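Residue-level listing of the chains:
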Amino acid sequence: MLRAAATVAPLTWRLRPGAALVVLSYHRVLAADSPALWTEQPTMYVSPKTLDLHLSELKRRFELVHLDEWLRRAAEGKPLPPLACAITFDDGWRDNLEFALPVLREHGAPATIFLVSSYIDGGQNFWPNRLMRLMRMSFAEPGSVVYPRVLLPVVEPALTAARSRGELEADAVDRVVKSAKAAFEESVIRELVAAAEPNGACTAESSELLSAEEVARLGATGLVRFGCHTATHYRLGGQTSREDLEREIVHSRARLQEICGQSVDLFCYPNGETSPDAIDMVRRHYIGAVTTRKGWHSVSRDPHLIRRIGVHEDMSNSRDSFLSRVSALL
Ligand SMILES: [Zn+2]
């Protein structure tokens, strides 16, 4: 079934009317035995080998483009390749420099990395990774973490089930992060996780994100450009004050332009969450913005609500699964 889909679907790609753009969304690039996977969700990474496979397959079928360049050409009504593909990485992980860049270089593949402005050299890390670390600590040593009361219904059932199985699986931790996202506003869950952290619990992870110097190194290659992923990875779907929107959408852009030394014209909504006010502000300051909605982009679609195809190791590590995924079938 997968083989048939992977063979037939690419044949239909060229039948699409007008210029089509597939935007792939990656996060981390980590080897299967990387210790970083201890506090990572399965949907967050591909291995360098898998990225290499993807780029080999993509090059045969698409013109690999810089996302901002494709959008500018589209806005100006200039000719576009019939089938283009833009690679994006969200969050600004250091492994993008260590493991993704060598593969991008080998294939001459351009990419956009969406950076969180205040996390560059800020010694901070994302709350999902911090929560995962806390759960690993609780599992290894029951009672070692004291969770705020409101967090217990989210965390405890998973820990109890894991203890009875004798293993805290990545999928179980992943489900806890998703429940926490659904249950709490961004500012609330951050405070809850911080309140549960013994002093210094998250500092060991602070080096997992790119520093300003590393961002400059990536930019100097000419292959990598940068977009804004807010100031603090703030989910914009809820009620957000004008002041918060300006900090996350406008001031973050100015800060990133200082750090990157290049114009930052693309935006990425954290967790794909949007609101009419957020979209309005993004429209006024960026030429385009990407979401987590699944699908392909084209000139007739809204450039400030670009759909993407999310790719991660567990469902794209073979040619057939990858091509099915690119077709939005998987
Ligand atoms: Zn993100």
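Residues numbered from 1 in each chain as written. Predicted model: local features only at pLDDT ≥ 70, side-chain atom pairs only at ≥ 80, totals over all residues.

This next bit is on the overall build of the protein. For the protein, the count of helices and strands is 12 helices and 11 strands. Over its C-alpha atoms the protein spans a radius of gyration of 20 Å, differing by no more than 12% from the 20 Å that the globule rule assigns to 330 residues. Each principal axis of the C-alpha atoms in the protein carries an extent, and together these give about 60 × 50 × 35 Å. For the protein, the proportion of its 330 residues judged to be buried stands at 43%. Considering only residue pairs separated by 6 or more positions, the protein has 70% of its internal contacts joining residues 24 or more positions apart. (Helix = DSSP H or I, 4+ residues; strand = E, 2+ residues; numbered from the N terminus. Rg over C-alpha atoms; globule rule 2.2 N^0.38 Å. Buried ≥ 20, exposed ≤ 12 C-beta atoms within 10 Å, placed from the backbone. Contact = placed C-beta atoms within 7 Å.)

Between the first and last C-alpha of helix α5 (residues 127-140) there are 20 Å, a value that for 14 residues agrees with the 20 Å anticipated at 1.5 Å per step. Counting buried positions over the 14 residues of α5 gives 10, a clear majority of the element. If you follow the buried residues of α5, they end up packed against α6 (152-165), α7 (170-183) and α8 (186-196). (Expected span 1.5 Å × (residues − 1).)

On to the domain arrangement of the protein. How big an interface is tends to be stated in terms of the accessible area lost upon association of its parts. The domain boundaries assigned to the protein delineate domain 1 (2-121 + 209-326) and domain 2 (127-201). Inter-centroid distance (C-alpha atoms) of domain 1 to domain 2 is 28 Å. With 9 residues of domain 1 in contact, the opposing surface of domain 2 contributes 12 residues. Among the residues forming the side of domain 1 that touches domain 2, the class breakdown is 3 nonpolar, 4 polar and 2 charged. (Domains from an automatic or database assignment. Nonpolar A, V, L, I, M, F, W, Y, C, P; charged D, E, K, R; others polar.)

Close contact between α6 and α7 brings their axes to 9 Å; oriented N to C, the two are set at 170°. With respect to α7, the element α6 is oriented roughly antiparallel. Contact with α6, carried on its side by Val 154, Val 155, Ala 158, Ala 161 and Ala 162, involves Ala 172, Arg 175, Val 176, Ser 179, Ala 180 and Ala 183 of α7 and no other residues of that element. Broken down by class, the residue content of the contact of α6 with α7 amounts to 9 nonpolar, 1 polar and 1 charged. (Axes fitted to C-alpha atoms, helices over the stretch in contact; angles between N-to-C directions. Parallel < 35°, antiparallel > 145°, perpendicular 65-115°, else oblique.)

Glancing now at the nonpolar core. By size, the foremost hydrophobic cluster in this structure holds 72 residues, and its most contacted members are Val 22, Ala 86, Leu 115 and Ala 289. When sequence neighbours within four positions are dropped, the list of residues in contact with Leu 115 reads Gly 92, Ile 120, Val 215, Phe 226, Cys 228, His 229 and Leu 256. Formed by 19 residues, the second largest nonpolar core is a distinct cluster that contains Phe 126, Val 155, Ala 158 and Val 193. (Core = buried A, V, L, I, M, F, W, Y, C linked by C-beta atoms within 7 Å.)

Glancing now at the pairing of strand β11 (residues 306-310). Across 2 bridges, strand β1 (residues 20-26) lies against β11 in parallel orientation. Looking across to β11, one finds that Ser 25 is bridged to Gly 310. Looking at chain direction, strand β9 (residues 288-294) and β11 are connected through 2 bridges and run parallel. When the sheet's bridge partners are listed, Lys 294 is paired in β11 with Arg 308. (Pairing = 2+ DSSP bridges.)

Phi at Thr 230 takes a positive value of approximately 75°, unusual for a residue other than glycine. For Thr 230, the location among the structural elements is in the loop between β7 (224-228) and α10 (242-260). Thr 230 sits in the buried class, given 28 other C-beta atoms within 10 Å. Residues other than glycine seldom take positive phi values, yet His 233 does so here, at roughly 60°.

Contact pair α5 / α8: the axes reach a minimum separation of 10 Å and the direction vectors enclose 35°. The element α5 and its partner α8 pack so that their crossing is left-handed. Along the contact surface, α5 presents Trp 127, Arg 130, Leu 131 and Leu 134, while α8 presents Ile 189, Arg 190, Val 193 and Ala 196. Here the residues of the contact of α5 with α8 sort into 6 nonpolar, no polar and 2 charged. (Left-handed = near helix turned anticlockwise from the far one by under 90°.)

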